[in-house]
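Coordinate analysis (summary)
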Amino acid sequence: MTTPRIGFIGLGAMGAPMAMNLVKAGYAVTVFDLSPPAVNRLRDAGATAATTAREVGENSDVAITMLPRSAHVEAAVTGEYGLYRGLAKGAVHIDMSTIEPSASKRFAELAQENGLRMFDAPVGKSTAAAAAGVLTIMAGGDPAVVDECRPILDVMGEIVYHCGSEVGAGAAVKVVNNLVSGGILVVVAEAMGLGVKAGVRPEIMVEVLGATGAANWQLANTLAQKALKRDYEPGFAISLIHKDCGLGAQMAEDLKVPMPVSGLVKQQYEAAMAAGHAGLDWGGYLKVIEAAIGEDVAFGAA
Ligand code: NAD
């Protein structure tokens, strides 16, 4: 296969650094986002700017979407100015957004009806990992198509897992992953609130927990590197972890799996949303704890 031309739609917190890495790796990349400044930043870095998703399709052999929800993916791929109108027969669509597996399957069917190939490949880790090109990628779909696109995925990720031959397998693993991640943050934040109420400094809790079996990524990164320093600039917004808990709840309902603890975790992010924190980084969930205990949970607060 000659070097494929790449399309990239969705240049947000994750998509922008991922697309940037593809440009740096020497691929010809055509980009589109509803936000013109986001497009301009990539154009300045060497990408070609498109004005519609369809135009992205017309200029690419492999097109990637990295959008918040399935409704956004639908808006980008369907319709007169959608990606699927622009892509030539046989081209590949890789959806890297975190969406419900049933929606991934729906897009795969739609792609097939349009003579296209499609697989899902959501990602794990953070915006920093996206910038460093070391994401964990969870692909689901025809292994031959995934393998064909592996060189492209390798630019953005450190490890590419093939989660199953059905489209949606990557999405299923990703939702499971985020139910775990979201639950850990809620438990850690709540316990730290208790420690603060008992008169203990967050600094010492971070140190001690980090040295025991209670150590976890959310404590060391989301909280210790950001929220406990009162940095709520969104890398991974509360609205997104709330969305992912909703995807888990929907999957659980569809598959008739009781998930009482995950249900409670979702309610906690619901509380954060209701308090107006949707746009904060997910560590901003600490504000819900602070409101409940009437004390600051932050470095230097005690
Ligand atoms: P984001 O909100 O920062 O960016 C989304 C971008 O999509 C925005 O620039 C928006 O303008 C654009 N957009 C929306 N609809 C569009 C359309 N129809 N056409 C073109 N552009 C459109 O979101 P993000 O943090 O980059 O997350 C993207 C996906 O990756 C989500 O599904 C999220 O759950 C997942 N994810 C995020 C992280 C993280 O740390 N942020 C980590 C892993 C996975």
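Residues numbered from 1 in each chain as written. Predicted model: local features only at pLDDT ≥ 70, side-chain atom pairs only at ≥ 80, totals over all residues. Heavy atoms only, no water.

1. Considerations on the overall build of the chain
Helices and strands together make up the secondary structure of the chain, namely 15 helices and nine strands. Against the 2.2 N^0.38 benchmark of 19 Å for 302 residues, the chain shows a C-alpha radius of gyration of 20 Å, consistent with a compact globule. The C-alpha extent of the chain, read off along each of the three principal axes, is 65 × 45 × 35 Å. Split into buried and exposed, the 302 residues of the chain put 51% on the buried side. For the chain, the proportion of contacts with a sequence separation of at least 24, taken over those separated by at least 6, is 68%. When the accessible surface of the chain is totalled, it reaches about 13,400 Å², and 57% of it is carbon and sulfur. Across the chain, 23 positive and 31 negative side-chain charges occur, with their mean positions spaced 2 Å apart. (Helix = DSSP H or I, 4+ residues; strand = E, 2+ residues; numbered from the N terminus. Rg over C-alpha atoms; globule rule 2.2 N^0.38 Å. Buried < 20%, exposed > 50% of the residue type's maximum accessible area, 1.4 Å probe, protein only. Contact = heavy atoms within 4.5 Å. Areas by Shrake-Rupley, 256 points an atom, 1.4 Å probe, with all protein chains shown as cover. Lys, Arg positive; Asp, Glu negative; His and termini not counted. Charge placed at Lys NZ, Arg CZ, Asp CG, Glu CD.)

2. Thoughts on the domain arrangement of the chain
Taken domain by domain, the chain comprises domain 1 (6–166) and domain 2 (172–293). Summarising the inter-unit geometry, the C-alpha centres of domain 1 and domain 2 are found 28 Å apart. Listed per partner, the contact involves 14 residues of domain 1 and twelve residues of domain 2. For the pair domain 1 and domain 2, the summed buried area comes to about 1,100 Å², and 71% of that belongs to carbon and sulfur atoms. Remark: the boundary between domain 1 and domain 2 carries zero salt bridges. Between domain 1 and domain 2 we count three residue pairs in polar contact (both at pLDDT 80 or more) in total. (Domains from an automatic or database assignment. Buried area = accessible area lost by both parts, 1.4 Å probe. Salt bridge = Lys/Arg side-chain N within 4 Å of Asp/Glu carboxyl O. Polar contact = N/O pair within 3.5 Å; in protein donor to acceptor, adjacent residues only side chain to side chain.)

3. A short note on the pattern of salt bridges
For side chains of opposite charge, pairing can occur when their charged atoms come near one another. If you walk through the whole model with that rule in mind, you get 16 salt bridges. One salt bridge in this structure joins Glu74 and Arg106, with 3.0 Å as the shortest N-O distance. Here Arg106 lies in helix H6 (residues 101–113) and Glu74 lies in helix H4 (residues 70–77), a separation of 32 residues in the sequence. One salt bridge in this structure joins Lys226 and Asp231, with 3.9 Å as the shortest N-O distance. Taking the relative accessible area as the measure of exposure, Asp231 reaches 30% and is therefore partly exposed. Salt bridges here are not isolated pairs; linked through shared partners, they connect Arg54, Glu58, Glu80 and Arg85.

4. Quick word on a nonpolar patch on the surface
There is a patch of nonpolar side chains on the surface, built from Val176, Val180 and Ile184 and spanning about 230 Å² of accessible area. Tracing the backbone shows Val180 in helix H10 (residues 169–197). (Patch = residues over 30% accessible without salt bridge, like charges linked within 9 Å, V, L, I, M, F, W, Y side chains within 5 Å.)

5. Considering the site of the ligand
Near the ligand there are 24 residues, and of these Ala13, Met14, Asp33, Gly235 and Lys243 occur at the shortest range. Within the contact set of the ligand, an oxygen atom lies 2.9 Å away from a backbone nitrogen or oxygen of Ala13. Taking Leu67, its main chain carries an N or O atom lying 3.0 Å from an oxygen atom of the ligand. Residues that form the shell around the ligand fall into these classes: 13 nonpolar, seven polar and four charged. (Near = heavy atom within 4 Å. Nonpolar A, V, L, I, M, F, W, Y, C, P; charged D, E, K, R; others polar.)

6. Some points on unusual backbone geometry
Phi at Lys125 is positive, roughly 95°, even though this residue is not glycine. Tracing the sequence through the fold places Lys125 in the loop between strand E7 (123–124) and helix H7 (127–132). The backbone of Lys256 sits at a positive phi, close to 55°, despite the residue not being glycine. Here Lys256 lies in the loop between helix H13 (238–255) and helix H14 (260–274). The exposed category is assigned to Lys256, whose relative accessible area is 71%.

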